[in-house]
Amino acid sequence: MDAQQARRGVGETQIKSRTPVVLKDDHEVHRNQKQEKVVEWKNQQRLQKHPPEIIHLMSFPNSGTTYTLTAIQKATRECTASHSYHIGGEPGEISPNSRNKGPYYDCELDSWLPEKYVLSKSHCQPFCKQCHTYVVASPQRMVQEKFQKHCHVSEKFNYDLNLVKKNVQLVRNPFDNVVARFHSSFKSYEEGFTGIYEKTYEGFHQYCAWHNKEFSSKRTSDFVLPEHEELALKVPCLGEFFKYIAWHNLANMTIEKMGVPSMTIYYEDYNENFHETFSGLISFLETKQVSEPLPFFWHDYPEYFDEDARNAATILMKSWASHETWDMIRRYVDSNLISDAD
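Cut-offs and rules
Numbers given for residues are sequential positions, taken from 1 along each chain in its written order. In keeping with the predicted nature of the model, local features appear solely for residues at pLDDT of at least 70, side-chain atom pairs appear and are counted solely at 80 or more, and the whole-chain, interface and lining totals rest on all residues. Values reported for side chains reflect all heavy atoms of the structure, with hydrogen atoms and water molecules removed beforehand. Two aromatic rings, drawn from Phe, Tyr or Trp (for Trp, its six-membered ring), form a pair once their centres lie within 6.5 Å of each other, and the interplanar angle then sorts them: stacked below 30 degrees, edge-to-face above 60, tilted otherwise. Each helix corresponds to a stretch of at least 4 residues labelled H or I by DSSP, and each strand to a stretch of at least 2 residues labelled E; elements are numbered beginning at the N terminus. Only protein chains enter the area calculation, which uses a 1.4 Å probe; residues under 20% of their type maximum are buried, those over 50% are exposed, and those in between are partly exposed. The span one expects for a helix is its residue count, reduced by one, times 1.5 Å. The contact criterion used is simple: two residues touch if any of their non-hydrogen atoms lie within 4.5 Å. Polar contact is defined as a pair of N or O atoms within 3.5 Å, subject to the rule that within protein one atom must be able to donate a hydrogen and the other to accept it, and that residues adjacent in sequence are counted only when both atoms are side-chain atoms. Salt bridges, as used here, are contacts in which a Lys or Arg side-chain nitrogen is within 4 Å of a carboxyl oxygen on Asp or Glu. Disulfide: a pair of cysteine sulfur atoms within 2.5 Å of each other. A 1.4 Å probe that fits into a set of points on a 1 Å grid over the protein atoms alone but cannot get out defines a cavity; an open set with protein on both sides within 12 Å along at least five of seven lines defines a pocket, and lining residues are those with an atom within 4 Å of a point. Grid points are joined across faces, edges and corners, and a volume is the space filled by probe spheres set on the points. In the scheme used here, Gly and all other residues not listed as nonpolar or charged are polar, with Ala, Val, Leu, Ile, Met, Phe, Trp, Tyr, Cys and Pro taken as nonpolar and Asp, Glu, Lys and Arg as charged. Arc definition: directions from the helix axis to the C-beta atoms. The set of buried Ala, Val, Leu, Ile, Met, Phe, Trp, Tyr and Cys residues whose side-chain atoms join them within 4.5 Å is what this entry labels a nonpolar core. Orientation is described by axes fitted as lines to C-alpha atoms, over the contacting stretch for helices, and by angles from 0 to 180 degrees between their N-to-C directions. Two helices cross in a left-handed way if the nearer one is turned anticlockwise from the farther one by less than a right angle. They cross in a right-handed way if the turn is clockwise.

Visitor: Before we move on, can you summarise the packing of aromatic side chains with the specific residues and values?
Guide: Inspection of every chain in the model, using the stated rule, returns 25 aromatic pairs. Note on Phe242 and Trp320: the rings are 5.1 Å apart at their centroids and 85° apart in plane angle, and the pair reads as edge-to-face. Remark: Trp320 occurs in helix α13 (residues 307-320) and Phe242 occurs in helix α10 (residues 238-258); sequence separation between them is 78 residues. A single burial state applies to Phe242 and to Trp320, both of which are buried. Summarising the aromatic geometry, the rings of Tyr270 and Phe274 are spaced 6.1 Å apart at their centres and angled 40° between planes, so their arrangement reads as tilted. Tyr270 gets classed as buried once you look at its relative accessible area, which sits at 3%.

If you want it as structure tokens, here you go:
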């Protein structure tokens, strides 16, 4: 019996019967179901001739990563992966009998290990939300080789980049991304946002005023051209825009250097043309859709930026962006503001 037979052995009806309905006080049942499923995962893993090859899901944080991974899990009933290992997490590493450390599987109870490719989250070098912009802009940080290393090496994971056979790059409107990163800060206890800022236009601008003063008011000449100093004062959360552009610059260089097949998914395409976008991703993963994906809920925040702020941010982003990055994000800005946009 091979791994594919092991996967089929449970059968579709049994897969459905083992999908848990977990109540608040039903932890014991869920734990037993998880233990049974772990045995099946380990059996499948043992019978696989080779572990699946890796497809990196490369994204700047808050660009749709969680949705993409969850939707793939639901639609294909296949595990995805990430760089995070949770104690007691199973089935664990993709390649447990090798010198590689990570990535680590992330599975639902009705999921199976993929046979050919596994989609694995990689923020590479995400850049912290609350750190000085001049530090991010330093020559020591803006090095493609260092960025690439962060895609597959850290204290928690260390695997051969040659195991990555494809890349998927997520792109989100930079204005929406900056607001989404503000919202995500409420989930972080140590940042203590609750009770200080509200998830509103006013709360966002109060936060950005503090953020600009705290993290983007020092050594501004390291990341803002002299002719753009006045414009920089108009941009809420200036440093967040710089990090967004810097990340995509480095990601595009890394993808080109790796020389493997890649595809780009724009966050809004999930909203505007979901079927074609998701079908394209399924095809790129070389797998099959067997059930409905997670519903997509669209979030954008056009009201958070007035015209002056949007125009100033556009000019600054153009000054920071590589040609490849600018081509990716020009759909989100008024290119008429940039004389050499074409």
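Visitor: Tell me about α13, and please be specific about residues and values.
Guide: If you check α13, its first and last C-alpha atoms are 20 Å apart, about what 14 residues at 1.5 Å a residue would give, namely 20 Å. For α13, the complete set of buried residues consists of Ala309, Ala312, Ala313, Thr314, Leu316, Met317, Lys318 and Trp320. Tucked inside the fold, the buried residues of α13 contact α7 (174-184), α9 (229-232), α10 and α14 (323-329). One side-chain oxygen of the residue at the start of α13 lies 3.2 Å from the amide nitrogen of Asp308, identifying that residue as Asp306.

Visitor: Give a detailed account of the pattern of salt bridges, specifying residues and quantitative values.
Guide: For the coordinates displayed, the defined rule picks out eight salt bridges. Residues Lys116 and Glu286 are paired through a salt bridge, measuring 2.4 Å at the closest nitrogen-oxygen approach. Separated by 170 residues along the polypeptide, Lys116 in the loop between β3 (104-106) and β4 (117-122) and Glu286 in the loop between α12 (274-285) and α13 bring together distant segments of the chain. Residue classification places Lys116 among the partly exposed positions, given a relative accessible area of 43%. The shortest N-O distance in the salt bridge between Asp327 and Arg330 comes to 3.5 Å. With a relative accessible area of 22%, Arg330 lands in the partly exposed category. Among the ionic contacts, a cluster of salt bridges with common partners joins Lys116, Lys166 and Glu286.

Visitor: Explain the state of the cysteines to me, using residue names and the numbers behind them.
Guide: Simply put, the disulfide is a covalent bond whose two ends are the sulfur atoms of two cysteines. Throughout the structure, instances matching the rule amount to four disulfides. Each disulfide pairs two cysteine sulfurs, and for Cys128 the partner residue is Cys131, the sulfurs being separated by 2.2 Å. The exposure class of Cys128 is partly exposed, given its relative accessible area of 40%.

Visitor: Go over the layout of surface pockets with me, naming the residues and quoting the values.
Guide: In this approach, a probe sized like a water molecule rolls over the atoms, and the result shows the empty space that is left. Reported here for the largest pocket is a volume of approximately 1,100 Å³. In terms of lining, the largest pocket is formed by 40 residues, of which the most central are Pro61, Asn62, Thr66, Lys121 and His123. Every element with two or more residues in the lining of the largest pocket is listed here: α4 (65-76), β4 and α7. Tallied by class, residues from the lining of the largest pocket come to 14 nonpolar, 17 polar and nine charged.

Visitor: Any chance you could break down helix α8 (residues 201-215) for me, citing the residues and the numbers?
Guide: It helps to recall that an α-helix has 3.6 residues per turn; residues three or four apart then point in one direction. Helix length check: α8 (15 residues) gives 21 Å between terminal C-alpha atoms against 21 Å at 1.5 Å per residue, within 8%. Inspection of α8 places Gly203, Phe204, Tyr207, Cys208, His211, Asn212 and Phe215 among the buried residues, and these make up the whole buried set. Along the axis of α8, the buried residues cluster in a sector spanning 165°; they form a single face. Residues of α8 that are buried sit in contact with α5 (133-136), α7 and α10.

Visitor: Give me the lowdown on the nonpolar core, citing residues and values where you can.
Guide: Ranked by size, the top nonpolar core spans 53 residues in total, and within it Phe204 and Phe241 carry the most contacts. Every element with two or more residues in this core is listed here: α5, α7, α8, α9, α10, α13 and α14. At ten residues, α10 tops the list of elements feeding residues into this core. Those residues in contact with Phe204 that sit more than four places away from it in its chain are Val178, Val179, Phe182, Glu198, Pro236, Cys237, Tyr304 and Phe305. Tyr67, Leu69, Ala71 and Phe278 belong to the second-largest nonpolar core, a separate cluster that totals 21 residues.

Visitor: Requested: an account of the packing of α10 against α13, with residues and values cited.
Guide: Running from amino to carboxyl end, α10 crosses α13 at an angle of 35°, the nearest separation of the two axes being 10 Å. Between α10 and α13 lies a crossing whose hand is right-handed. Contacts from Leu238, Phe241, Phe242, Ile245 and Asn249 in α10 reach Ala313, Leu316, Met317 and Trp320 in α13. Split into classes, the residues belonging to the contact of α10 with α13 amount to eight nonpolar, one polar and no charged.

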